[in-house]
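One letter stands for each residue in the lines below.
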Amino acid sequence: MIRKVKKTDGPSDGGDHTRHRPETLHKREEILKAALDVFGRKGAAKGTLEEIADKVGMTRAGILHHFGSKRKLLIEVLRYNDQAEVADLPDRKMPGGSAGFDHLLQTIVNHARNPEIARSFITLSSESITEGNPGHPFFRERYASLRQEVAEWMVELGRDRGKAVDRDLALMASSSILALMDGLQLQWLMDEGEEGQIDMVRTLSFAMHVIVAAALGNQMAGRDVEPDAGTGGEWG
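Here we summarise the structure given alongside this text. Small disclaimer: the values here were computed from a predicted structure and weren't measured.

1. Focus on empty space enclosed by the protein
In this structure the tally under the stated criterion is one cavity of 30 Å³ or more. Volume-wise, the largest cavity comes out at about 60 Å³. The wall of the largest cavity is formed by Leu36, Leu78, Asn81, Asp82, Ser120, Phe121, Leu124, Phe138, Phe139 and Arg142.

Take a look at the structure:
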């Protein structure tokens, strides 16, 4: 049976969990998991606190008791989802170099096994571009940080192989890989359960190897063109 929230639990401070008792932390995690499911299926705009509360045997007031507002709950859900991706890694941080690319691929493997995770991420990240969405700063900072981090892996990988990788090229490559990850998950979810659903793991593996090889100066698949030329030039 789920323990009812006591008044002595105290309201959330919006992010610092160190002052919460173990049983309160457990309840908060239950709420976060329920909110991730609801927001992932319906979006943060249409997902209600009442539905989240029903999933964990609480009231709307009980949810607000822990998180203060729906806006704060959404931000905590985004943080919780991000932290879950690295929960099993040393120091809860992504590795660098070639191991970092392995981690990105493994992330998609995990999402393929757990479609609800992929759906939650794609729904909330897409919704974050709408005006006034509280997730916008989170995703903007997340992508900016990831672009830099993946680019550094590219430079590190080149250094390990005795090759100098141009920083701007590494950033373009990292942006391309992140765009692929998101776009492939969207296509995969669109065709979920349908015949001909893409194999997003194999597809991402193929594309990542091509991009990394290109960044390291190996077998460029295309040629440079002006951004507004309207054509990719001669490919292959």
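Alright, that's what it looks like, and here's the rest.
2. Structural notes on helix H8 (residues 167-190)
Relative to the 34 Å expected for 24 residues at 1.5 Å per residue, H8 spans 35 Å between its end C-alpha atoms, a close match to the ideal helical length. Buried residues of H8: Ala170, Ala173, Ser174, Ile177, Leu178, Met181, Asp182, Leu184, Gln185, Trp188 and Leu189, and no others. Here the buried face of H8 lies against helix H5 (97-113), helix H6 (115-127), helix H7 (136-160) and helix H9 (200-215). Between a side-chain oxygen at the N-terminus of H8 and the backbone nitrogen of Asp168 the separation is 3.1 Å; the capping residue is Asp166.

3. Some details on the pattern of salt bridges
Opposite charge on two side chains lets them pair, provided their charged atoms get close. Applying the stated rule across the entire model yields 13 salt bridges. One salt bridge connects Asp82 with Arg142, and the closest N-O pair in it is separated by 2.9 Å. Taken as a pair, Asp82 in helix H4 (residues 70-85) and Arg142 in helix H7 lie far apart in primary sequence, 60 residues in all. Between Arg167 and Glu152 there is a salt bridge, with the nearest N and O atoms lying 3.1 Å from each other. Highlighted residues: Arg167 in helix H8 and Glu152 in helix H7, separated in sequence by 15 residues. Residue Glu152 is classed as partly exposed on the basis of its relative accessible area of 33%. Salt bridges sharing common partners tie together Asp37, Arg41, Lys42, Glu51 and Lys55.

4. Quick word on the packing of aromatic side chains
We describe a pair of aromatic rings using the distance from one ring centre to the other and the angle between the two ring planes. Inspection of the entire model under this criterion finds three aromatic pairs. Here the aromatic rings of Phe101 and Trp153 are separated by 5.6 Å at their centres, their planes lie at 85°, and the arrangement is edge-to-face. Placement of the pair is Phe101 in helix H5 and Trp153 in helix H7, with a sequence separation of 52 residues. Here Phe101 matches Trp153 in class, with each residue buried. Here a set of aromatic residues connected by ring pairs shows up, and it is made of Phe121, Phe138 and Phe139.

Criteria and thresholds
Numbers given for residues are sequential positions, taken from 1 along each chain in its written order. Since the coordinates come from a predicted model, pLDDT governs what is reported: local features require at least 70, and pairs of side-chain atoms require 80 or more to be given and counted, while whole-chain, interface and lining totals use all residues. Each side-chain value is worked out from all heavy atoms of the structure, with water and hydrogens disregarded. Lining residues are defined by having an atom within 4 Å of a point belonging to a cavity or pocket. Those points lie on a 1 Å grid over the protein atoms alone, cavities being sets where a 1.4 Å probe fits but cannot get out and pockets being open sets with protein on both sides within 12 Å along at least five of seven lines. Grid points are joined across faces, edges and corners, and a volume is the space filled by probe spheres set on the points. Secondary structure is summarised from DSSP: a helix means a run of H or I of at least four residues, a strand means a run of E of at least two, and numbering begins at the N terminus for each. Between the first and last residue of a helix there are one fewer steps than residues, each counted as 1.5 Å, and that sum is the expected span. Each residue is placed in one exposure class: buried if its accessible area under a 1.4 Å probe, protein chains only, is under 20% of its type's maximum, exposed if it is over 50%, and partly exposed if it falls in between. The contact rule is simple, with two residues in contact once any of their heavy atoms fall within 4.5 Å. Distance and chemistry together define a polar contact, namely a pair of N or O atoms within 3.5 Å, with one atom able to donate a hydrogen and the other to accept it when in protein, and with adjacent residues in sequence counting only for side-chain atoms on both sides. Salt bridges are defined by distance alone: a side-chain nitrogen of Lys or Arg within 4 Å of a carboxyl oxygen of Asp or Glu. A pair of aromatic rings is counted whenever rings of Phe, Tyr or Trp (Trp by its six-membered ring) have centres within 6.5 Å, and the orientation is called stacked for planes under 30 degrees apart, edge-to-face for over 60 and tilted otherwise.

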